[in-house]
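Structure assessment
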Amino acid sequence: MTDTLEYFKVGKIVTTRGLKGEIKIYPHTDKIDRFKDIDYFFVGKDREKKYLVERAVTASNNSIVVKLEGYDTIESVQGLIGKFIFVDRDNSYELDEDELFIADMIGMDVETLEGDRIGKLVDVLQYAANDVYVVKSEDSKEYLIPATYEIVPDIDTKNRLMRVKPIPGLLD
């Protein structure tokens, strides 16, 4: 079994807001309200410095405004623009019983219900209707598999195996 990812990219700092050190974040998570519960996050590759969140408010359907403790001027946060923010696994939100972190799924083996190997999960495309699993075969062919219970009835996290019930034409 592979090591689990300890840090999750949850957004990107896109600009400042106002003159008092607020930053605007474009979230990379489907739960935008989670930012209201984050106590701290990391910026870029630095895992030593925790940026403490003083407050977070939803600015629109696709952005959050965050005020960081100790950053009280526009100049103090300008160096953060364009950087990605991360949370550690301990600061991530609790999953429902049928949910998985995408990061924990990447690299899973994918096969049909009959046991025929399809390939490895290399990406998850997120769309409004449903996610789409990108599976790459050993000969580098990519398959796009809708993430629905009808087509993907079983995901075995312990054995890192996804089982697919392909519809006609899905694996052609």
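All figures in this text were calculated on a predicted structure; none of them were measured in a lab. (Residues numbered from 1 in each chain as written. Predicted model: local features only at pLDDT ≥ 70, side-chain atom pairs only at ≥ 80, totals over all residues. Heavy atoms only, no water.)

What follows deals with the overall build of the chain. Within the chain one finds two helices and twelve strands. Starting at the N terminus and ending at the C terminus, the chain contains elements arranged as β-β-β-β-β-α-β-α-β-β-β-β-β-β. The dimensions of the chain, computed from C-alpha atoms along their principal axes, are 60 × 30 × 30 Å. Sorting the 172 residues of the chain into buried and exposed places 37% on the buried side. Accessible surface computed for the chain: about 10500 Å², of which carbon and sulfur atoms make up 47%. (Helix = DSSP H or I, 4+ residues; strand = E, 2+ residues; numbered from the N terminus. Buried < 20%, exposed > 50% of the residue type's maximum accessible area, 1.4 Å probe, protein only. Areas by Shrake-Rupley, 256 points an atom, 1.4 Å probe, with all protein chains shown as cover.)

Where strand β1 (residues 7-17) meets strand β2 (residues 22-27), six bridges bridge the pair, whose relative direction is antiparallel. The residue bridging Thr15 from the neighbouring strand is Lys24, located in β2. The hairpin formed by β1 and β2 contains four residues between the paired strands, and Gly18 there has a positive phi angle of roughly 75 degrees. Alignment of β2 against strand β5 (residues 63-68), held across four bridges, turns out to be antiparallel. When the sheet's bridge partners are listed, Ile25 is paired in β5 with Ile64. (Pairing = 2+ DSSP bridges.)

As a further point, take the sheet that holds strand β3 (residues 40-43). Taken in spatial order, the six strands close into a barrel running β1-β2-β5-β4-β3-β6, and their pairing is antiparallel. Across this sheet, the average inter-strand angle for adjacent strands is 50 degrees, counted without regard to direction. (Axes fitted to C-alpha atoms, helices over the stretch in contact; angles between N-to-C directions.)

Next up on the list: the nonpolar core. With 22 residues, the main nonpolar core has Ile23, Ile25, Phe35, Phe41, Val66, Leu68 and Ile85 as its most contacted residues. Listed by contribution, the elements that provide at least two residues to this core are β1, β2, β3, β4 (51-60), β5 and β6 (84-88). Val124, Tyr133, Tyr143 and Ile145 belong to the second largest nonpolar core, which has 15 residues in total. (Core = buried A, V, L, I, M, F, W, Y, C linked by side-chain atoms within 4.5 Å.)

According to the stated counting rule, one finds ten salt bridges in the structure shown. Measuring nitrogen to oxygen at the nearest pair gives 2.7 Å for the salt bridge that ties Arg55 to Glu22. Remark: Glu22 occurs in strand β2 and Arg55 occurs in strand β4; sequence separation between them is 33 residues. Note on Glu22: relative accessible area 16%, which makes it buried. Linked by salt bridges that have partners in common, Asp109, Arg117, Lys120 and Glu138 make up one network. (Salt bridge = Lys/Arg side-chain N within 4 Å of Asp/Glu carboxyl O.)

Turning next to the sheet that holds strand β8 (residues 117-125). In space, the six strands of this open sheet follow the order β10-β9-β8-β7-β12-β11, with mixed pairing throughout. Looking along the sheet, the strands with just one partner apiece sit at the ends: β10 (142-146) and β11 (154-156). Between one strand axis and the next, the sheet turns through 35 degrees on average, direction left out of account. Here strand β9 (residues 132-136) runs beside β10; their pairing, made up of five bridges, is antiparallel. By the bridge assignment for β10, Tyr133 is matched with Ile145.

Scanning the entire structure with this criterion turns up five aromatic pairs. Of the aromatic side chains, those joined through ring pairs into one cluster are Tyr7, Tyr40 and Phe42. It is Lys9 that lies over the ring of Phe84; its NZ or CZ is 4.1 Å from the centre. Over the face of the ring belonging to Phe86 we find Arg47, whose NZ or CZ atom lies 4.3 Å from the ring centre. (Phe/Tyr/Trp six-rings, centres within 6.5 Å; stacked < 30°, edge-to-face > 60°. Lys NZ or Arg CZ within 6 Å of the ring centre and 35° of its normal.)

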